[in-house]
Amino acid sequence: MLDFHNHLMPGVDDGAGTIEESRDGLKTMIDNGITGIITTPHLAASQIETGGARRYLEVVAEAWDSLTAVAEKEFPKLKLARGFEVMLDTPHPRLDDPLFRLAGTQFALVEFPFMSIPPNSTYALRALRDGGWIPIIAHPERYANMESNMLLIDEWKDAGAYLQINAGSLVGTYGARPRKIVFDILSAGQAEYICSDYHARGRCMIRSGTDEMKKRGLSEQLSTMVLNAKKIIRGERPAAVAGAEIDTKPAWKKVLPWS
């Protein structure tokens, strides 16, 4: 599968710190069944707007050269591309440069600042669509105020955005609340993509997360999401992912006669 949300470039953000960690991260993702990677270091939209990202982009370019050199030498079958995870900290994000988008396509991976949905979040998404770009919202289940703002998802969809969930959320990596929310999103058929958000340390949760989807009877949904990620490279919009009734009751409750 193709993973388009991860932090593997060495020494640029809170992901890989060294090229050795980048190498280990690439191997770990391949061992999890990933055959294509679009790596996405953090970038604030306000930095683009003010021109303050120039030096950072130079550092990222150097890190990209180091990463591709390792990949070409040690993992020649891996398809590697680049993009950014753009933080929408301005209402008028500008992503004219293809570097800011996923593999130079019209798709852009975006997140909200401070792991919280700001007021008028849909406005920034519409601004992106008006600019000709297609926003993919990263890990909506992880935002602190998502549970009380689930109706916003319909607004985001109406604005032309898509959703990407983290595989780790499905197995409780980020806690019980994001896990509940991610299954609510899947039940409603609102997520088009699944990625690792792997930071080149610890476990990569793609295999665990996808196994959990299969166990919950979501194999069809998973297949669609895997195909949707591959469509990004071709500049194609994702197929709709079907909703489903999901039994989220803990296993120990299922065996009790009164549960």
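Residues numbered from 1 in each chain as written. Predicted model: local features only at pLDDT ≥ 70, side-chain atom pairs only at ≥ 80, totals over all residues. Heavy atoms only, no water.

Q: Where do I start with the overall build of the protein in this structure?
A: Across its full length, the protein holds nine helices and nine strands. Taken over C-alpha atoms, the radius of gyration comes to 18 Å for the protein, in line with the 18 Å a tight globule of 259 residues would show. Over its C-alpha atoms, taken along the principal directions, the protein stretches across nearly 60 × 45 × 30 Å. Considering the protein as a whole, with its 259 residues, one finds that 51% of them fall into the buried category. Counting only contacts in the protein whose residues sit at least 6 apart along the sequence, the fraction spanning at least 24 positions is 75%. Counting every atom, the protein has about 11600 Å² of accessible surface; 52% of that belongs to carbon and sulfur. (Helix = DSSP H or I, 4+ residues; strand = E, 2+ residues; numbered from the N terminus. Rg over C-alpha atoms; globule rule 2.2 N^0.38 Å. Buried < 20%, exposed > 50% of the residue type's maximum accessible area, 1.4 Å probe, protein only. Contact = heavy atoms within 4.5 Å. Areas by Shrake-Rupley, 256 points an atom, 1.4 Å probe, with all protein chains shown as cover.)

Q: In this structure, what is going on with the sheet that holds strand β6 (residues 107-111)? I would like to understand it.
A: For sheets, the rule is that strands pair by backbone hydrogen bonds, running either parallel or antiparallel. Read across the open sheet, the six strands follow the order β3-β5-β6-β7-β8-β9; overall the sheet is parallel. The sheet is open, and its two edges are formed by β3 (42-44) and β9 (193-195), each paired on a single side. Between one strand axis and the next, the sheet turns by 35° as a mean value, whatever way the strands run. Against the sheet, helix α4 (residues 121-130) engages β6 and β7 (134-138), with an angle of about 145° to β7. (Pairing = 2+ DSSP bridges. Axes fitted to C-alpha atoms, helices over the stretch in contact; angles between N-to-C directions.)

Q: Got a minute to help me understand the nonpolar core in this structure?
A: Taken as a class, soluble globular proteins show a tendency for nonpolar side chains to be buried jointly. Counting residues in each nonpolar core, the largest one holds 66 residues, and the members touching the most others are L26, L125, I137, W156, L186 and I194. It is helix α3 (residues 54-74) that provides the largest number of residues to this core, a total of seven residues. Sequence-distant contacts of L186, defined by excluding residues within four places in its chain, comprise I165, L170, A191, M213, L218, M225, A242, G243, A244 and I246. Residues F107, I136, Y162 and I232 belong to the second largest nonpolar core, which totals 15 residues. (Core = buried A, V, L, I, M, F, W, Y, C linked by side-chain atoms within 4.5 Å.)

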